[in-house]
Amino acid sequence: MTGTAPSPDQPPRRPLVAILTGAGVSTDSGIPDYRGPNGLWRRDPEAEKLVTYDTYMGDPEIRRRSWRMRQESPAFRARPNAAHEAVARLERSGTPVRVITQNVDGLHQRAGMPERKVLELHGTVRKVICTHCHARSSMEEALARVAAGEPDPACLVCGGILKSATVMFGERLDPQVLGTALGVAKAAEIFLAVGTTLQVQPAASLAGVAAEHGARLIIVNAAPTPYDELAAEVIREPIGSALPRLLEGLAARP
């Protein structure tokens, strides 16, 4: 028999924890969800047009309305809440953590998660991208131009149409980001799905992939999800209290 036995003084390897987060993680920061009973799409079905790619590209008035909506977005005033901070604490504890988020608010990074450990499946609202030359710049700069009197600011590089660097309806997810997320789901030993209905594909399927590859699946969500039967544990308590307690327990494990 070959191989080297681990040193008794060497600390045991900690399991990789993957955390898939949805809109429910950010509601305590004042960012409403989209699909819940009081979600934006239920309250204002017309709002969906503002984030539908073909409509946005073809209708200047829709773009002007979209820029006004971005000016009023609560995402830019929001601060990380207890859930975001608990995830960042877990990472600082030395536990290998990867966040896969359906959110576009950037609050995981603002709470202290390293950029490279956060996979933003649906992009970020904090950047803008040119739909022609793909130049990227800050949303802050674009909104300053709107406030200064440009209702539909064009790309400063090529004059093309600008949009937020989020994945609109009708656009594909970034295949590289999705591929990396799939790899994380397969490698994770613990997979948490937090504040997500697990109904939007392909993000929702990551929970099933993780379970199929042997991960302990834990779901923290107010309502039932299609993946509950695969979960080792389902928690219905408020995320702001349940997630910090759960992650503290993971950090305390040897």
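Numbering of residues starts from 1 in every chain and runs along the sequence as written. Reporting in this predicted model follows two pLDDT cut-offs: at least 70 for local features of residues, and 80 or more for side-chain atom pairs to be given and counted; totals over whole chains, interfaces and linings ignore these cut-offs and use all residues. As a convention, hydrogens and water are excluded, and side-chain values are obtained from all of the structure's heavy atoms.

If you check an unreviewed UniProt entry, the chain appears there as protein acetyllysine N-acetyltransferase from Streptomyces nigrescens.

With that settled, consider helix H3 (residues 60-71). Strands are runs of DSSP state E lasting at least 2 residues, helices are runs of H or I lasting at least 4, and numbering of each runs from the N terminus. What a helix should span is 1.5 Å times the count of its residues minus one. Taking 1.5 Å per residue, 12 residues should reach 16 Å; H3 reaches 17 Å between its end C-alpha atoms and fits that length. Each residue is placed in one exposure class: buried if its accessible area under a 1.4 Å probe, protein chains only, is under 20% of its type's maximum, exposed if it is over 50%, and partly exposed if it falls in between. Every buried residue of H3 is accounted for by Ile62, Arg63, Ser66, Trp67 and Arg70. Seen along its axis, H3 keeps its buried residues to an arc of 140 degrees; they face one direction. By definition, residues are in contact when any of their heavy atoms lie within 4.5 Å. Elements that come into contact with the buried residues of H3 comprise helix H2 (53-58), strand E4 (123-130), helix H6 (139-147) and strand E6 (162-166). Any pair of N or O atoms that falls within 3.5 Å is considered a polar contact. Within protein, one atom must be able to donate a hydrogen and the other to accept it, and sequence-neighbouring residues count only if both atoms are side-chain atoms. Residue aspartate 59 occupies the N-cap position of H3, its side-chain oxygen lying 2.9 Å from the main-chain nitrogen of glutamate 61. Working note: the arc is built from the helix axis to C-beta atom directions.

What follows covers the sheet that holds strand E7 (residues 190-194). Strands sit in the order E3-E2-E1-E7-E8-E9 across an open sheet of six strands; the sheet is parallel. Each edge of the open sheet is held by one strand with a lone partner, namely strand E3 (118-120) and strand E9 (233-235). Put simply, the sheet's adjacent strands are angled 15 degrees from each other on average, direction ignored. The strands touched by helix H4 (residues 82-92) are strand E1 (17-21) and strand E2 (97-101); relative to E2, the strand with the most contacts, the crossing angle is about 150 degrees. In this analysis, axes come from line fits to C-alpha atoms, helices being fitted only over the stretch in contact, and the angle between any two N-to-C directions falls in the range 0 to 180 degrees. Against the sheet, helix H8 (residues 205-212) contacts E2, E7 and strand E8 (216-220), and its axis sits at roughly 160 degrees relative to E7. At least two bridges found by DSSP between two strands are what make those strands a pair.

Further remarks concern the UniProt feature "binding site: Zn(2+)" (unreviewed entry) in the chain. UniProt positions are given in the numbering used here, feature names are shortened, and annotations may be inferred rather than shown by experiment. Under the feature "binding site: Zn(2+)" (unreviewed entry), the UniProt entry names Cys130, Cys133, Cys155 and Cys158. Annotated residues spanning 29 residues; largest pairwise C-alpha distance 8.6 Å, indicating a single compact cluster. Along the chain, cysteine 133 turns up in the loop between E4 and strand E5 (136-138). Classification of cysteine 133 as partly exposed rests on a relative accessible area of 30%. Once residues within four sequence positions are removed from consideration, cysteine 133 is found in contact with Cys155, Val157 and Cys158. As for its placement among the helices and strands, cysteine 158 is situated in the loop between H6 and E6.

Before going further, it helps to spend a moment on the environment of alanine 203. Inspection of the secondary structure puts alanine 203 in the loop between E7 and H8. The exposure class assigned to alanine 203 is buried, which follows from its relative accessible area of 0%. It is 8.8 Å that separates the C-alpha atoms of alanine 203 and alanine 181, two residues lying 22 residues apart in sequence. Residues contacting alanine 203, with those up to four places away along its chain left out, are Leu20, Gln102 and Leu121.

Glancing now at the sheet that holds E6. The strand order E5-E4-E6 describes an open sheet built from three strands, whose pairing is antiparallel. Pairing within the sheet leaves two strands with one partner each, and these edge strands are E5 and E6. Shown here is a sheet whose adjacent strand axes are inclined to one another by a mean of 45 degrees, direction ignored. Here three bridges tie E4 to E5, and the two strands are oriented antiparallel to one another. The residue of E5 that forms the bridge with isoleucine 129 is arginine 136. Relative to E5, H6 is tilted by about 70 degrees, and along the sheet it contacts E4, E5 and E6.

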